[in-house]
Amino acid sequence: MSEDGTQGLTVIAFIGSVFSPYYAWDTSRDPFAHCAVNVVLYGEGRNSFCMTERGAKSLSRDARSIRIGPSAMAWDGTSLTIRLDEVTAPIPSPVRGTITVRPGGITQAPQTLDAAGRHRWWPMAPASPVTVALSEPAVNWSGTAYFDTNHGDEPLEDAFSRWTWCRADLKPGAAILYDVVRRDGTTQNLTLRFDADGTAGEIAPPVAAELPKTGFWRMPRPTRSDDGRASVVRTFEDTPFYARSLLSSTLCGRPVNPVHESLSLDRFKNPLVRLMLPFRMPRPFGG
């Protein structure tokens, strides 16, 4: 998010695009055949969404870098530089430019989200300075970023029914809430706080806070806060199985504006939902 709170950006590099209908329909389940760079720009106007899926020939990587098609990420020991060259869908327009994330420190270890340890999540740099310099569209700002990685040994929908996640900038540091409902009905509620250098801190578990469902697809989006109260500042994404929102709440005794995500994997499994996805997630012929 930008420092003034008016601009937002999400970038996700996928090897094995977990929300891809092409991956779900591929009987070989080869993750390297389903790679993508997902880019979403949030501003005062219309959102820009990119998620072109590509095959194994479009992927190259080593210990410090990854390239998927024309976009790439590289780590030099202090900064993560993301160079984007993507196209929006369903209406094509270019998204090109550079994003630089400078973590003040790295957290110690990943968290497991399921009892069997098949799904790992590592919030590596929960609060990092970021600069965004895009030429198309012309977008330039500075703010605070969150950087994580996820690894899994089975489809998400096999392990989980739903989850909610949110991250609040504490200036300095960040608080993260991650509430998971597993396929077997058990739950896990993570309540984490990190200083700017990645050091874990203590936080009293906040209490449940209800939010209104999204306007069109009626996605539930529960969260937690110090006093059990929260409100929606802006809905960034309202889709059949996923919602992303900017909230207003209180965490660690401070007023905060968390970015909140709600995912229904029960909805995602619906064959009709998967048939709707290709218009937002194109795959070039032969790609």
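My aim in this report is to walk through the structure given alongside it, one point at a time. (Residues numbered from 1 in each chain as written. Predicted model: local features only at pLDDT ≥ 70, side-chain atom pairs only at ≥ 80, totals over all residues. Heavy atoms only, no water.)

1. Digging into a nonpolar patch on the surface
Inference 1: A surface patch of nonpolar side chains, about 360 Å² in accessible area, is lined by Trp25, Leu272 and Leu275.
Inference 2: Inspection of the secondary structure puts leucine 275 in helix α4 (residues 271-276). (Patch = residues over 30% accessible without salt bridge, like charges linked within 9 Å, V, L, I, M, F, W, Y side chains within 5 Å. Areas by Shrake-Rupley, 256 points an atom, 1.4 Å probe, with all protein chains shown as cover. Salt bridge = Lys/Arg side-chain N within 4 Å of Asp/Glu carboxyl O. Helix = DSSP H or I, 4+ residues; strand = E, 2+ residues; numbered from the N terminus.)

2. Brief notes about unusual backbone geometry
Inference 1: In the segment running from alanine 89 into proline 90, the intervening peptide bond is cis, with an omega of 10°.
Inference 2: Summarising the element assignment, proline 90 is placed in the loop between β8 (80-87) and β9 (94-101).
Inference 3: A positive phi angle, close to 55°, is found at arginine 218, a residue other than glycine.
Inference 4: As for its placement among the helices and strands, arginine 218 is situated in the loop between β17 (207-209) and β18 (223-225).
Inference 5: Given the relative accessible area of 45%, arginine 218 is considered partly exposed.
Inference 6: Even without being glycine, cysteine 252 reaches a positive phi, approximately 55°. (Buried < 20%, exposed > 50% of the residue type's maximum accessible area, 1.4 Å probe, protein only.)

3. Here's the deal with the pattern of salt bridges
Inference 1: Following the criterion strictly, the structure yields 11 salt bridges and no others.
Inference 2: The partner of arginine 274 in a salt bridge is glutamate 157, with the nearest N and O atoms 2.7 Å apart. Residue arginine 274 is found in helix α4, and its partner glutamate 157 is found in helix α2 (residues 156-159); the two are separated by 117 residues along the sequence.
Inference 3: Residue arginine 274 is classed as buried on the basis of its relative accessible area, which comes to 14%.
Inference 4: For glutamate 157, a relative accessible area of 11% corresponds to the buried category.

Keep in mind these numbers describe shape, not what the thing actually does.
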